[in-house]
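# Descriptive analysis of the structure
What follows is each chain in one-letter form.
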Amino acid sequence: MDHLSYSVMGAYVLEYYHQDKDKLTDYARRFAELVQSVNIMDALEAEMVAGEMWSQFSPVFDKYNLFICPTVAAKGVAADLDYSKDKVEINGKNVDPMLGWVMTYPFNILSRCPVLSIPTGKASNNLPTGMQLVGPTYEDITVFSAASAFESAAGPFFSASNYPEIS
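For the structure given in this document, a descriptive report is provided here. (Residues numbered from 1 in each chain as written. Predicted model: local features only at pLDDT ≥ 70, side-chain atom pairs only at ≥ 80, totals over all residues. Heavy atoms only, no water.)

### Looking at the overall build of the chain
- Scanning the chain from N- to C-terminus turns up six helices and six strands.
- The proportion of buried residues among the 167 residues of the chain is 35%.
- Within the chain, residue pairs in contact and separated by at least 24 positions form 58% of the contacts whose partners lie at least 6 positions apart.
- On the chain, roughly 10500 Å² of surface is accessible, and the fraction owed to carbon and sulfur atoms is 55%. (Helix = DSSP H or I, 4+ residues; strand = E, 2+ residues; numbered from the N terminus. Buried < 20%, exposed > 50% of the residue type's maximum accessible area, 1.4 Å probe, protein only. Contact = heavy atoms within 4.5 Å. Areas by Shrake-Rupley, 256 points an atom, 1.4 Å probe, with all protein chains shown as cover.)

Set out below in structure tokens:
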């Protein structure tokens, strides 16, 4: 996990950590502990990584007005996953339990892109699936229009029976 995540997520829970850390989940405590070791150079490095990510990703929008991808890279990740101690496996390979399966993470860093995540159906194990619609900077209307078009074609979002099973 990178220093930007420590800084952002850990900073939110740090106050509670100091008040009564026993009330926090293991992974929330871990973030609070990690953020205390982040310095300004770590934060600057994280911002530089975000800039490099943008320079690599932004050319997609020279050719396309929307980028579509899944929200997660694995089906069956437990809702109560504890990032600080649990393991996540994709296709027989252990991945980072915090970020190795979450496909929303790059767009949390590339916050200049409007992103909307919408349900798409259910996996073969009956868990919900979703997709992200990512637009170029300031193109929120494009993202909302695409989501509306998907909903019109697939039916209401919250009627899971309308969605096909995805294997």
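### Regarding a nonpolar patch on the surface
- Taken together, Ile40, Met41, Leu44 and Met48 make up a surface patch of nonpolar side chains, about 470 Å² in accessible area.
- When you line up the elements, Leu44 lands in helix α3 (residues 40-57).
- Among the residues examined, Leu44 registers a relative accessible area of 43% and is labelled partly exposed. (Patch = residues over 30% accessible without salt bridge, like charges linked within 9 Å, V, L, I, M, F, W, Y side chains within 5 Å. Salt bridge = Lys/Arg side-chain N within 4 Å of Asp/Glu carboxyl O.)

### Focus on the pattern of salt bridges
- In total, this model carries four salt bridges according to the counting rule given.
- Close ionic contact of Asp26 with Arg29 constitutes a salt bridge, the shortest N to O distance being 2.2 Å. Placement of both Asp26 and Arg29 in helix α2 (residues 26-35) is noted, with a separation of three residues, approximately one turn of the helix.
- According to the relative accessible area criterion, Arg29 is buried, its value standing at 19%.

### Topic: the pairing of strand β4 (residues 115-123)
- As defined by bridge partners, β4 adjoins strand β5 (residues 128-134) across seven bridges and the pair is classed as antiparallel. From the neighbouring strand, Ile118 faces β5, where its bridge partner is Met131.
- Between β4 and the antiparallel strand that follows it, β5, lie four residues; Asn126 among them carries a positive phi value of about 75 degrees. (Pairing = 2+ DSSP bridges.)

### Points about the nonpolar core
- Counting residues in each nonpolar core, the largest one holds eleven residues, listed as Val13, Tyr17, Leu24, Ala28, Phe31, Ala32, Ala50, Met98, Leu99, Tyr105 and Ile109.
- Broken down by secondary-structure element, the contributors of at least two residues to this core are α1 (3-20), α2 and α5 (105-109).
- With three residues, the top contributor of residues to this core is α2.
- Beyond its immediate sequence surroundings of up to four residues, Tyr17 is in contact with Leu24, Arg29, Ala32, Glu33 and Gln36.
- Judged by nonpolar contacts, the second largest core, of eight residues, contains Ala74, Ile90, Val95 and Trp101. (Core = buried A, V, L, I, M, F, W, Y, C linked by side-chain atoms within 4.5 Å.)

### Examining the side chain of Thr71
- Within the fold, Thr71 resides in the loop between β1 (67-70) and β2 (88-90).
- Residue classification places Thr71 among the buried residues on the basis of a relative accessible area of 12%.
- Not counting residues up to four positions away in its chain, the partners in contact with Thr71 are Val102, Met103, Thr104, Ser117, Gly130, Met131 and Gln132.

### Notes on the environment of Val77
- Within the fold, Val77 resides in the loop between β1 and β2.
- Taking the C-alpha atoms as reference points, Val77 and Val88, eleven residues apart in sequence, are found 7.1 Å from one another.
- Not counting residues within four places of it along the chain, the set of residues in contact with Val77 comprises Val88 and Trp101.

### A closer look at helix α6 (residues 140-154)
- Here α6 contains 15 residues, and its C-alpha end-to-end distance of 21 Å stays within 8% of the 21 Å for a straight helix at 1.5 Å per residue.
- Residue Gly155 follows α6 closely and has a positive phi angle near 105 degrees. (Expected span 1.5 Å × (residues − 1).)

### Digging into unusual backbone geometry
- One non-glycine residue, Asn91, adopts positive backbone phi at about 50 degrees.
- Mapped onto the fold, Asn91 is located in the loop between β2 and β3 (93-95).
- On the basis of relative accessibility, which here comes to 81%, the residue Asn91 falls in the exposed class.
- In this structure, Tyr138 takes a positive phi of about 65 degrees despite not being glycine.
- Considering the arrangement of structural elements, one finds Tyr138 in the loop between β5 and α6.

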